[in-house]
Amino acid sequence: MPTITLDRYADVREAYRQHDLEQALYDAGGVVMADCLLVLHGAAHRTRRRVENRLFRRGTFRHWEHTFLRDVVTDTLAPFVAAGRADLLELGYRTVMNLTAMVAGVDRSTTAGDDHTAETDALYRFAKKFSEGATLVHTTRDPDEVRAEVADALQEFDRIFLTPSIARREALLAQLAAGEITEDDLPRDVLTALLRNTEELGLDRDMLRREVAFYLQAGSHSTADAFSHAVDDWFAWSARDPEAAEEARHDPALLQACVYETLRLHPASPVARRRALAPIALRGGTEIPEGAEVVLDIAAANRDPAIFDRPAEYDPARDVPADVPRWGHAFGGGMHACIGTELAGGVPAASDREGAQVLGTVTLMLDALLAAGARPDPAAPPVRDPHSARDHFASYPVVFPQ
């Protein structure tokens, strides 16, 4: 069967909304992605999404941002500022790891007190390995070698983190059933939701492990990646137009627009893949036969000159059509639109009630970094990831004033 590539913004948007196009990008990464929310289709996907969607509400994100997320960002950044240098990849992963673990339902040891450095290191290592497995289609390494490493990491992750996290929640659910606690005493996370709906969702232990691992890597990897690109874009923009960059530096709404422009230009997944379950005719004239593989070229669609004027240019102040998000297709669309869009990207002030803006994790991270005076390390330029065909940095050193 043919492979059909869609690279116009309107065609990609329409394709996302087609129920007869099923996910096909992560077939190679089944070691960690099989049966995950992102690859399910039809009734199974609707049921899983309904269960997990309850956790991802705007009020929850706003509460997190206003109560503790800013502290997580500044506390994680502080030792790097004191040391005078950081690598954006490590900083990004470390910053989002606590939040991602909380959302996924991965507990930290109560015996560690407030110092979870070793556990953060372990989760950072697991998330990077799970991400490598999820994006196996883009690896330049031996795929079988990567799969074996990911399988081993899943087993180790289960032993260290998942098993005790499950045990604590099962004990709490038993207490709830006995009337000893209330709903408010339960953790609000993916793992708890899955355990409460295991029978309805048809989950076995392997599926449960992969779903939690998926949330752990997807949230941390995509956010850390967006953060490094947002900083790189801002540095380059500041060199070209220091006055505009300085204005954005002190205006949260403009700084959020900078992040949206980065997401448009550097989507975490540059392509999506779908498999046609039936013949499809798009309004633009493309005919898709049953069984065809459809490549949604997100990177190209996000630079469609019919939608974005000067499409390759980084312009946080650009105008876009009213029905087009400033980030283009960076968060996907249709049934597989990113469930954590508002957590990572926030909510633009203009699209929400007055005073209810959510800046999002990436904007908070960028703001804190710039406030600390970060600049590129003149002795160590950034390095692209040689083991991935995706647009990733392998390292991005920055320095802080001392």
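Residues numbered from 1 in each chain as written. Predicted model: local features only at pLDDT ≥ 70, side-chain atom pairs only at ≥ 80, totals over all residues. Heavy atoms only, no water.

Novice: What is the right way to read empty space enclosed by the protein from this model?
Specialist: Over the atoms a probe the size of a water molecule is rolled, and this reveals where empty space is left. Within this structure, the stated rule accounts for three cavities of 30 Å³ or more. The space that makes up the second largest cavity amounts to roughly 40 Å³. Lining of the second largest cavity is provided by Val73, Leu77, Leu91, Thr95, Phe227, Met365, Ala368 and Leu369. Of all the secondary-structure elements, those providing two or more residues to the lining of the second largest cavity are α4 (58–83), α5 (88–104) and α15 (361–371). With three residues, the top contributor of residues to the lining of the second largest cavity is α15. (1 Å grid on protein atoms, 1.4 Å probe; cavity = no way out; pocket = protein on both sides within 12 Å on 5 of 7 lines; lining within 4 Å. Points joined across faces, edges and corners; volume = space filled by probe spheres on them. Helix = DSSP H or I, 4+ residues; strand = E, 2+ residues; numbered from the N terminus.)

Novice: In this structure, what is going on with the state of the cysteines? I would like to understand it.
Specialist: Per the stated rule, a full pass over the model turns up zero disulfides. Cysteine cysteine 36 shares no disulfide, and the gap to the nearest cysteine sulfur, in cysteine 338, comes to 14 Å. (Disulfide = S-S within 2.5 Å.)

Novice: Even after reading the chapter, I still don't get the environment of arginine 125, so can you show me in this structure?
Specialist: With respect to the helices and strands, the residue arginine 125 is situated in helix α6 (residues 117–134). C-alpha of arginine 125 to C-alpha of alanine 153: the two residues are 28 residues apart in sequence and 8.9 Å apart in space. In this structure the side chain of arginine 125 is engaged in a polar contact, spanning 3.3 Å, whose partner is the side chain of glutamate 156. (Polar contact = N/O pair within 3.5 Å; in protein donor to acceptor, adjacent residues only side chain to side chain.)

Novice: Help me understand the packing of aromatic side chains in this model?
Specialist: Geometry of an aromatic ring pair is reported as the spacing of the ring centres plus the angle between the planes. A complete count under the given rule lists 12 aromatic pairs for this structure. When the centroid spacing of 5.6 Å and the interplanar angle of 80° are considered together, the rings of tryptophan 327 and phenylalanine 331 count as edge-to-face. Its relative accessible area of 11% is what places phenylalanine 331 among the buried residues. Through a chain of ring-to-ring contacts, the aromatic side chains of Phe126, Phe130, Phe157 and Phe161 assemble into a single cluster. Over the face of the ring belonging to phenylalanine 126 we find arginine 125, whose NZ or CZ atom lies 4.7 Å from the ring centre. Its guanidinium or amino end placed over the ring of phenylalanine 308, arginine 264 lies 5.0 Å from that ring's centre, counting from NZ or CZ. (Phe/Tyr/Trp six-rings, centres within 6.5 Å; stacked < 30°, edge-to-face > 60°. Buried < 20%, exposed > 50% of the residue type's maximum accessible area, 1.4 Å probe, protein only. Lys NZ or Arg CZ within 6 Å of the ring centre and 35° of its normal.)

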